[in-house]
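In case you want the letters, here they are:
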Amino acid sequence: MTAVSARFSDVRLSAPRTVGIVGIVLGCLAFWAALPPLAARTEALPIAVGILAIAAGIWAWSRDERRVGGGAIAAGFLGIVLGVVAMQSSVTNLDQVVVWSALGAATLRYATPLTYAAIGGLYCERAGVINVALEGMLLTGAYFGIFGAIESHPWAGKWAWVIGILCAAAAGMAMATIHAIWAIHFKVDQIISGTAINFLAVGITGYLFINRYGDTGTPGNVPDYGIPDVHLAFLQNWYFIGPIFGQLNLMIWLSFLLLIGTYIFVFRTPYGLRLRSVGEHPRAADTVGISVYKIRYIAVIASGAIAALGGAYLSLGFVHSFNENMTAGTGFIGLAALVFGKWRPFPTYAAALLFGFSSALADRLPIAYGNQWGTLFQALPYLLTLVAVAGVIGRSIGPAAAGRPYVKQ
Amino acid sequence: MAEAPLLELRGITKRFPGVLANDKVNFDLRSGEVHALLGENGAGKSTLMNILYGLYTPDEGQILLRGEPIELGSTKAAIEHGIGMVHQHFMLIPVMTVAENIVLATEPRHAGVLLDYDAARKRVRELSERYGLLVEPDARVDRITVGQQQRVEILKALFRGAEILILDEPTAVLTPQEAKELFEILRSLKSQGKSIIFISHKLNEVLEIADRVTTLRRGVVVDTIPASGATEEGLARMMVGREVLLRVDKEPAKPTDPLLVVEHLHVLDDRGLEAVRDLSLTVRGGEILGIAGVDANGQSELIDAVAGLRPVKSGRIAVDGRDVTHERAKVTLDAGLGHIPEDRHRRGLVLPFSLSENLALHAYRKPPMSIRGFLNLRAMLARARRLLKEFDVRGGTPATPAAALSGGNQQKVVLAREIDGDPKVLIAAQPTRGLDVGAIEFVHRRLIEQRDAGRAILLVSLELEEILSLSDRILVIYEGRIVGEFPPTATEEELGFAMTGGRRDEVAA
Amino acid sequence: MSDEHRVSTDFELARSQDDVAQAPLEGGVPPSPSMTFASRVSGVSGILAPVLTTILAFLVGGLVIALTGKNPIKVYHAIWLGTGLNWFFEVGSYSARIPFTTAHMWFPWNTSSIAAQNLQQTLLLTTPIILTGLAVAFPFRCGLFNIGGQGQYLVGTIFAVWVGSSFVDLNPFLHVMLVLVVATFAGALYAGIAGILKATVGAHEVITTIMLNWIAVWVGAYLFGQGGPLQGSQPSIPISNDIADGAKLPVFWGLKLLQGLSIGIFIAIAMLVVYWIVINRTSLGYEVRAVGFNPEAARYSGISVARNYFLAMAIAGAFAGLGGALDITGWKYNIGESDIHASTIGFIGLAAALLGRNTALGVGLASLLFAALFNGTSGRQLDPSIFPPDLAGNLTTIIQGLVILFVGLNLGGLWLWLKRRRTAS
């Protein structure tokens, strides 16, 4: 019993905690009940359920479960507001927008570049190097991915996407190396060097793109040799699951593997332990003979490769083209997901899904409600992260030594 | 019974810029003994042990292990030779478990790739039972007590096969109860063949646990004697020594009204533990009250609390009759408190600021230094010129950045600023730390001067000569309490004795 | 007495490895990691570093040009002509119109040449960059890294457009003043959010300001997009209406219809002076600098570190918001959804502040440099046969990135070198 509770020592289930979690679920229910397929029409319903959620949250809070309680209270409020708002709209409009299967698939698609960026950032920051250059690495991967595929298409045929991915990873690692040298060797402020990388990425990818593909843009036949979708025939006809999982891009499946792999690596292998020790207390790691510099270099360069893969997915697997600055802040949403998820793979993925959902919803809202609501919704991920960082949903504390250059005595 | 020593350090010399930390130090450790290394702060104990653990390389000298000379260029090398160190500030990762901390970098593997947590747990339990160091392998380090954390540190060293253990001030962070438990552990380790070097300045504990005691003073070995037959007074004398006392000529004090009153003060430190326990004192105008004590016995927290920089758990502080117990620093300073902080670089000065700007650190807010929010640079300049002359500060003009001055002159600047603020109460914390003789003399003279001007001065120092030379009354602080009051005619041995807990049985309440 | 102590999560298990003061601050606020660096980036100690940085950045930029098959000298020359800075070198004997009158007088420069018009554009661009630069410089002096200049600028533009389009019948002087004041205040409040979060819960200002940036972008895009509440009267175009004529700043050089230079540049330069005065001559500036250099010593002297964090951010937001207002009232007169997405003024200001080492003069000169570069490479000024403007725009971004990269390097390298000297002796 102690072994189990120790391994999941942060997820102890006590009564107040359970009540708090139930409160969060209730809050989500309050909103969900107003949406299709339930599409309840009485405003009393979300209000009632939401109040239950808030009550549960307050009770949990008073029993010292601040984070979960606060989350339940927030979820309760949000649920009431959103539920009532949803009821102001007609059922037909709701039906058009809230098509759960389409939303589900779109959520996964939007969440994937976020996932790659965030997981890349996870390795880097767990080693103690702050990485605000995820945006730049994502963009770099997007350009070099499609560049590699297009250029190799004549001889690689429909496997060009493999070359593309390799090219993207290499470019991402190159960018990350700059960040690594500046942050680790020159001990420059990591936020400044990260910001510089973002600028450089926009400029370099834009420059190379215009120079090479200038007026005409990337060729239109990219879908032929882009990253393929994985067709699961047996799933196609399953209700609800089918449309979501039946035809996902390969990179999305790989992202699941990446998540599991990252969890195992960081929390179940010796290398992961050393990685974390370097990020938490480099001096302690040094005194047991761990090479802080080496681990940090590897982590930063790896983060560049992983984030770039997310960019390659964006250009080669999702949009099938490249445009200047096409990532437009996705990297920062990824950073937000990482902070929101407290630098752990699965909570980070949950955050990425949440943000992906909000992007998917923003995509569909214009169908019934007009462009402007979709636009406004795009601000949601950032607002949520701001709230998280502000400590309402628990102060997000990263690896203790993140941001401080290590000076070996 | 003379056996060849297990470990020998011969003629170790280590220089740092400006200080000779170890001067031809000879030290040896016999197998299965507990050898205490005694000395004041700055005596060179930590440097010597850092050399032994591979963190520094000696400029001269040799290290022999079992008669063979060895090179200790890195901690890894030291670990390989069986030397383990338990640092005073633990090298533990707070968010990781006990087991994870212990096995870090030498982790047992499962199928070569995964971390075998079960094996790690098992080995930790085995070790812990073998040496009597009870720990819970799955507990997170930041959630266990300090005593348990120390056990983890010891286990870390043992896990890597340490035969020689260096413990650096291990009881500095422990309660008396935990210290007793530690000694049990050390005895057990001894009986299992481990050899222990025990760095400390606490005389009573040294006598309780050590077989031999080596005393260091200012980088030089004073003597190595067996613990049996030694007395605390004798050790104190070796540790503190006879120095050229800089006794200042002064008139007897003429104390007036109490200007600083502290009653039943309880203050918590950064860890949430009580650092000041039920402390009361009074300082009158025209007297210097000296507080003697070993570092980290609550002096810093006491000063912080009085100066309004640290919250007070309970008790009362009054400056010039005004209650400032829960007031912020700004209010307390305005009420008539001057504060010469103990670390002039971190707390006393803004090094990139000019002397003129540094001198204005309190006064900048009010006229004539600022008028309606605008700085009156001319007034600041004039004041700076006056103060620099009055306090004989050398090395710069008002426009020189404070970083360019020598330590002594920097301290003069701090003094000038605080004294010019015309405080009723002046706190001087380690006012002559790191200063040369001339500067020390200057500071002492000034403090006496201010005393004669009617100010109440609270002097906190680790240097006994300073306390004895300046104070009109002396209080000794030990583990957050005042354990004795002495007149300035007390001897250093008496003070040293009380400072290291010798008088604690006699404390009334 | 109980011997069971609970160790709090803030327990420092080992001494900090930094040798500069980074002790905990009030209320357990964790120190911003950029603070050590920030205290070293400011100050006039040498014009050498920025000059070297710029030269190096342009050299590498030239390399990029050469690598893609074009002649760097020719390209840079074309850019130079586009900036309008060549105007200063074209001395002759001309007749110029005195601003705001119909009188003419002798003037050594031709005030209506192509170069003159280019220079007007450059100076128009310099105006907001100075202000977003100050928005970074001021908090940097306090040890804070404000990346939120872009969002604060946008908030300023939003409020400028809103107030500028309302109150149409107001006296022009009052209307302009109202717009500027409201936008400044709005920017200050917006940045103040990050400031309060830093001062109270210790939220890292880099993360909060980045988030606020994007929130401002999307809220702005919503407001002025199709169907948005502030969209103009043309339903198919996502642009706001023009602000009232009374809310526009007077143009003193060139023609209003052709985007002549408004008096906004003087306001910006005045802000540089204000910045200098506040930082160097007021007690607020004194506190800000003290906190930026050594928060511990400041605390020991009774200075409230949290209060200064908040004020530094709020003042930064005020600068950026004013910059937004000056752009709107000076030449833009409206704002559209695409403008909001395309705007990078905040980040150019960041580069300018870093290059100018957070001093008034430095920020001013660096802003001019970046404005010139931006303008010289824009579609209007650059001859496409020499260098396509799209490429040139990206080149500018690359050079900006290089400047930021090398700015960090100079000091980092120097610090490392000094450290090695110290431990070697």
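The shown structure was predicted, so the numbers you read here are calculated from the model rather than taken from an experiment.

**Looking at the overall build of chain B**
Phase 1: Along its length, chain B carries 17 helices and 24 strands.
Phase 2: By the compact-globule yardstick of 23 Å for 509 residues, chain B fits well, its C-alpha radius of gyration being 25 Å.
Phase 3: Each principal axis of the C-alpha atoms in chain B carries an extent, and together these give about 75 × 50 × 50 Å.
Phase 4: A buried classification covers 50% of the 509 residues belonging to chain B.
Phase 5: Sequence separation of at least 24 residues holds for 67% of the intrachain contacts in chain B that already meet a minimum separation of 6.

**Remarks on the overall build of chain A**
Phase 1: When helices and strands are counted, chain A shows 19 helices and two strands.
Phase 2: Compactness check: chain A gives a C-alpha radius of gyration of 22 Å against a globular reference of 22 Å for 409 residues, within 12% of the reference.
Phase 3: On the principal axes, the C-alpha backbone points of chain A span a range of 60 × 55 × 40 Å.
Phase 4: Considering only intrachain contacts with a sequence separation of at least 6, the fraction spanning at least 24 residues in chain A is 74%.

**What about the sheet that holds strand β1 (residues 7–16) of chain B?**
Residues and elements named next belong to chain B.
Phase 1: Sheet architecture is open: four strands sit in the order β2-β1-β4-β5, paired in antiparallel fashion. The open sheet has two edge strands, β2 (19–29) and β5 (68–69), and neither has a second partner.
Phase 2: By the bridge criterion, five bridges tie β1 to strand β4 (residues 60–65) in an arrangement that is antiparallel. Paired with L9 across the bridge in β4 is I63.

**Concerning the environment of L203 of chain B**
All names here are of chain B.
Phase 1: Looking at the element boundaries, L203 is found in helix α7 (residues 203–209).
Phase 2: Taking the C-alpha atoms as reference, L203 lies 32 Å from P311; in sequence the two are 108 residues apart.
Phase 3: The residues touching L203, leaving out its near neighbours within four places in the chain, are E232, L235, A236 and T500.

**Some points on the interface of chain A and chain C**
Interfaces are often described in size by the accessible area the parts lose on coming together.
Phase 1: Contacts between the two partners involve 46 residues from chain A and, on the opposite side, 45 residues from chain C.
Phase 2: Breaking the side of chain A that touches chain C down by element, the ones donating at least two residues are α9 (190–213), α14 (282–287), α16 (330–340), α18 (371–377) and α19 (380–390) of chain A.
Phase 3: No other element matches the 14 residues that α9 of chain A contributes to the side of chain A that touches chain C.
Phase 4: The residue makeup of the side of chain A that touches chain C, split by class, is 26 nonpolar, 15 polar and five charged.

**What to know about the interface of chain A and chain B**
Phase 1: Contacts between the two partners involve 18 residues from chain A, matched on the other side by 18 residues from chain B.
Phase 2: Broken down by secondary-structure element, the contributors of at least two residues to the side of chain A that touches chain B are α1 (2–7), α13 (270–280) and α14 of chain A.
Phase 3: Among the elements that take part in the side of chain A that touches chain B, α13 of chain A stands out by supplying five residues, more than any other.
Phase 4: In terms of residue class, the side of chain A that touches chain B is made up of six nonpolar, eight polar and four charged.

**Notes on unusual backbone geometry**
Phase 1: Residues other than glycine seldom take positive phi values, yet H320 of chain A does so here, at roughly 60°.
Phase 2: On the basis of neighbour counts, which here come to 20 C-beta atoms within 10 Å, the residue H320 of chain A falls in the buried class.
Phase 3: Its identity as a non-glycine residue notwithstanding, Q430 of chain B has a phi of 45°, on the positive side.
Phase 4: Note that Q430 of chain B resides in the loop between β21 (425–429) and α15 (437–452).

**Some words on the sheet that holds strand β10 (residues 195–200) of chain B**
Whenever strands of a sheet pair, they do so through backbone hydrogen bonds, lying parallel or antiparallel.
Residues and elements named next belong to chain B.
Phase 1: The sheet built from six strands is open, its strands ordered β6-β9-β10-β3-β11-β12 with mixed pairing. Two strands in the sheet have a free side with no partner beyond their single neighbour: β6 (83–86) and β12 (220–226). Averaged over all pairs of adjacent strands, the angle between their axes in this sheet comes to 20°, without regard to strand direction.
Phase 2: The pairing of strand β9 (residues 164–168) with β10 spans five bridges and is classified as parallel. In the strand pairing of β10, I164 is matched with S195.
Phase 3: Helix α1 (residues 45–52) rests against β3 (34–38), β6, β9, β10 and β11 (212–217) of the sheet, and its axis sits at about 150° to β9.
Phase 4: Its contacts with the sheet put helix α5 (residues 146–159) on β6 and β9, and the angle it makes with β6 is roughly 170°.

**Details of the nonpolar core**
Phase 1: Ranked by internal contacts, the top residues of the largest apolar core, which has 399 residues, are I427 and V476 of chain B together with F319 of chain C.
Phase 2: Among the elements that make up this core, the one with the highest residue count is helix α11 (residues 305–332) of chain C (17 residues).
Phase 3: In this structure I427 of chain B touches I303, V306, A307, L337, G338, H339, I340 and L458 of chain B, once residues within four positions along its chain are discounted.
Phase 4: Grouped together as the second largest cluster of nonpolar side chains are 24 residues, L29, I73, A75 and M87 of chain A included.

**Some thoughts on the packing of helix α6 (residues 100–126) of chain A against helix α15 (residues 292–318) of chain A**
For any two helices packed against each other, one specifies the inter-axial angle together with the distance between the axes.
Residues and elements named next belong to chain A.
Phase 1: Two numbers describe how α6 lies on α15: the axes approach to 6 Å, and their chain directions differ by 170°. By the criterion of interaxial angle, the relationship of α6 to α15 is roughly antiparallel.
Phase 2: For the contact of α6 with α15, the residue count by class is 15 nonpolar, eight polar and one charged.

**Considerations on the pairing of strand β2 (residues 104–107) of chain C**
All names here are of chain C.
Phase 1: In the sheet, strand β1 (residues 94–97) pairs with β2 via four bridges, with the strands oriented antiparallel. Looking at β2, one finds that A96 is bridged to M105.
Phase 2: The turn linking β1 back onto β2 is made up of six residues, and F100 within it adopts a positive phi angle of 70°.

**Describing helix α14 (residues 407–420) of chain B**
Along an α-helix, residues three or four positions apart point the same way, because every turn accommodates 3.6 residues.
All names here are of chain B.
Phase 1: Over its 14 residues, α14 runs 20 Å from end to end, which matches the ideal 20 Å to within 8%, given 1.5 Å per residue.
Phase 2: For α14, the buried fraction is high: 12 of the 14 residues fall into the buried class.
Phase 3: Every buried residue of α14 is accounted for by G408, N409, Q410, Q411, K412, V413, V414, L415, A416, R417, E418 and I419.
Phase 4: Considering only its buried residues, α14 is in contact with β18 (337–340), α11 (344–348), α12 (355–359), α13 (377–390), β21 and α15.
Phase 5: D422 sits one or two positions beyond α14 and adopts a positive phi of about 55°.

**Observations concerning the confidence of the model for chain B**
Phase 1: Chain-level pLDDT for chain B is 85 on average; 95% of the residues reach the 70-or-more range.
Phase 2: We note a pTM of 0.81 for the whole complex and an ipTM of 0.81 for its interfaces.

**What about the pairing of β9 of chain B?**
Residue and element names in this part refer to chain B.
Phase 1: Counted residue by residue, β9 has five buried out of five residues, so it is predominantly covered.
Phase 2: Going residue by residue along β9, you find I164, I166 and D168 tucked away on one face and L165 and L167 tucked away on the opposite face as well.
Phase 3: As paired elements, β6 and β9 share four bridges and run parallel to each other. In the sheet register, G84 faces β9, and the bridge partner there is L165.

**Digging into the environment of G71 of chain A**
Phase 1: Turning to its location among the elements, G71 of chain A is positioned in helix α4 (residues 66–88).
Phase 2: As for G71 of chain A and A60 of chain A, which are separated by 11 residues in sequence, their C-alpha atoms are 10.0 Å apart.

**Some remarks on the environment of L402 of chain C**
All names here are of chain C.
Phase 1: On the secondary structure map, L402 appears in helix α15 (residues 389–424).
Phase 2: For L402 and L56, which are 346 residues apart along the polypeptide, the C-alpha to C-alpha distance reads 8.3 Å.
Phase 3: For L402, the residues in contact, after removing those within four places along its chain, are A57, V60 and G61.

**Quick word on the confidence of the model for chain A**
Residue and element names in this part refer to chain A.
Phase 1: Of all residues in chain A, 92% have pLDDT values of 70 or greater, and the mean over the chain is 83.
Phase 2: Across chain A, element-level confidence peaks in α15 with a mean pLDDT of 94 and bottoms out in α1 with 42.
Phase 3: A low-confidence stretch, residues 1–10 (pLDDT under 50), is modelled with five contacts involving residues beyond four sequence positions or located in other chains.

**As for the packing of α19 of chain A against helix α7 (residues 205–224) of chain C**
Phase 1: Where α19 of chain A contacts α7 of chain C, the two axes come as close as 9 Å, and the packing angle between them is 155°. Regarding the angle of α19 of chain A to α7 of chain C, the classification is roughly antiparallel. Pair α19 of chain A / α7 of chain C crosses with left-handed handedness. Two secondary-structure elements touch here, α19 of chain A through Y382, L383, T385, L386 and V389 of chain A and α7 of chain C through I207, T208, M211, L212, W214 and I215 of chain C.
Phase 2: Of the residues contributing to the contact of α19 of chain A with α7 of chain C, the split by class is nine nonpolar, two polar and no charged.

Analysis parameters
Residues numbered from 1 in each chain as written. Chains lettered and ligands numbered in written order. Predicted model: local features only at pLDDT ≥ 70, side-chain atom pairs only at ≥ 80, totals over all residues. Helix = DSSP H or I, 4+ residues; strand = E, 2+ residues; numbered from the N terminus. Rg over C-alpha atoms; globule rule 2.2 N^0.38 Å. Buried ≥ 20, exposed ≤ 12 C-beta atoms within 10 Å, placed from the backbone. Contact = placed C-beta atoms within 7 Å. Pairing = 2+ DSSP bridges. Nonpolar A, V, L, I, M, F, W, Y, C, P; charged D, E, K, R; others polar. Axes fitted to C-alpha atoms, helices over the stretch in contact; angles between N-to-C directions. Core = buried A, V, L, I, M, F, W, Y, C linked by C-beta atoms within 7 Å. Parallel < 35°, antiparallel > 145°, perpendicular 65-115°, else oblique. Expected span 1.5 Å × (residues − 1). pLDDT = per-residue confidence, 0-100. Left-handed = near helix turned anticlockwise from the far one by under 90°.

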